[in-house]
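So you can see what is in the structure, the chains are spelled out below.
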Amino acid sequence: MVYGKALSEQIARFKAHTFNDIGAFEALLAQPYEAKVGGKKGNKTLFSYDGLFKVQVQIAEHIDFGPELQVAKELVDECLNEWAAGSGPELRAIVTKAFNTDKEGQINRSEIFMLLNLDISDERWKRAMQAIRDAMRVVGSKTYARFYERASQTAPWEAITIDLSKA
């Protein structure tokens, strides 16, 4: 237990140093150009001078849906009732799968995003898709740093494992 706590503290220090070093490096890069570097969604890849190491910084947003999603579901149901009259239950199953909850009681986000990519000209469908977009709320984000190395500039990148479950 003591080793786990010490390692956790060391990883927290490593993370803080990593992001401080990246910020300082970006500030140095921007200084001669009198530019401001970075932003809230600053996904980036930085390489070592020799090209043998890289770090990828990615920001993942956590999206939740507001009450507009229920309006979208009603509009989608209207469309399905009209379009599926006389067809089998398969058509309805494809679309309603998005609004079914998964095992954690959450809606199926990937299926909802899939609906947004469908090109359907029905005005009710368009209003439903706008309701889905209006329902989306960013409720948090996490910043990840992933490290890679390679033996030569032509060799493939290999991840440097820091995750205990993958070590």
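The coordinates are above.
Cut-offs and rules
- Residues numbered from 1 in each chain as written.
- Predicted model: local features only at pLDDT ≥ 70, side-chain atom pairs only at ≥ 80, totals over all residues.
- Heavy atoms only, no water.
- Pairing = 2+ DSSP bridges.
- Helix = DSSP H or I, 4+ residues; strand = E, 2+ residues; numbered from the N terminus.
- Contact = heavy atoms within 4.5 Å.
- Axes fitted to C-alpha atoms, helices over the stretch in contact; angles between N-to-C directions.
- Phe/Tyr/Trp six-rings, centres within 6.5 Å; stacked < 30°, edge-to-face > 60°.
- Buried < 20%, exposed > 50% of the residue type's maximum accessible area, 1.4 Å probe, protein only.
- Lys NZ or Arg CZ within 6 Å of the ring centre and 35° of its normal.

### Side note on the sheet that holds strand β2 (residues 53-65)
Right, on to step 1. Spatially, β1-β2-β3-β4 is the arrangement adopted by the 4 strands of the open sheet, whose pairing is antiparallel. Of all the strands in the sheet, just β1 (44-47) and β4 (158-159) have a single pairing partner and so form its edges.
Right, on to step 2. As judged from the 4 bridges shared by β1 and β2, these two strands associate in the antiparallel manner. Paired with lysine 44 across the bridge in β2 is valine 57.
Right, on to step 3. Of the strands in this sheet, β1, β2 and β3 (136-149) are in contact with helix α1 (residues 2-30), which crosses β3 at around 90 degrees.

### Structural notes on the packing of aromatic side chains
Right, on to step 1. Taken as a whole, this structure holds 4 aromatic pairs when the rule is applied.
Right, on to step 2. With a centroid separation of 5.5 Å and an interplanar angle of 55 degrees, the aromatic rings of phenylalanine 14 and phenylalanine 147 are classed as tilted. Residue phenylalanine 14 is found in helix α1, and its partner phenylalanine 147 is found in strand β3; the two are separated by 133 residues along the sequence.
Right, on to step 3. Consider the rings of phenylalanine 65 and phenylalanine 113, whose centres lie 6.1 Å apart with planes at 45 degrees: the pair is tilted. In this pair, phenylalanine 65 is assigned in strand β2 and phenylalanine 113 in helix α4 (residues 109-116), connecting sequence segments 48 residues apart.
Right, on to step 4. The exposure class assigned to phenylalanine 65 is buried, which follows from its relative accessible area of 14%.
Right, on to step 5. We classify phenylalanine 113 as partly exposed; its relative accessible area is 30%.
Right, on to step 6. Here the guanidinium or amino end of lysine 54 rests over the ring plane of tyrosine 148, the centre of that ring lying 5.1 Å away.

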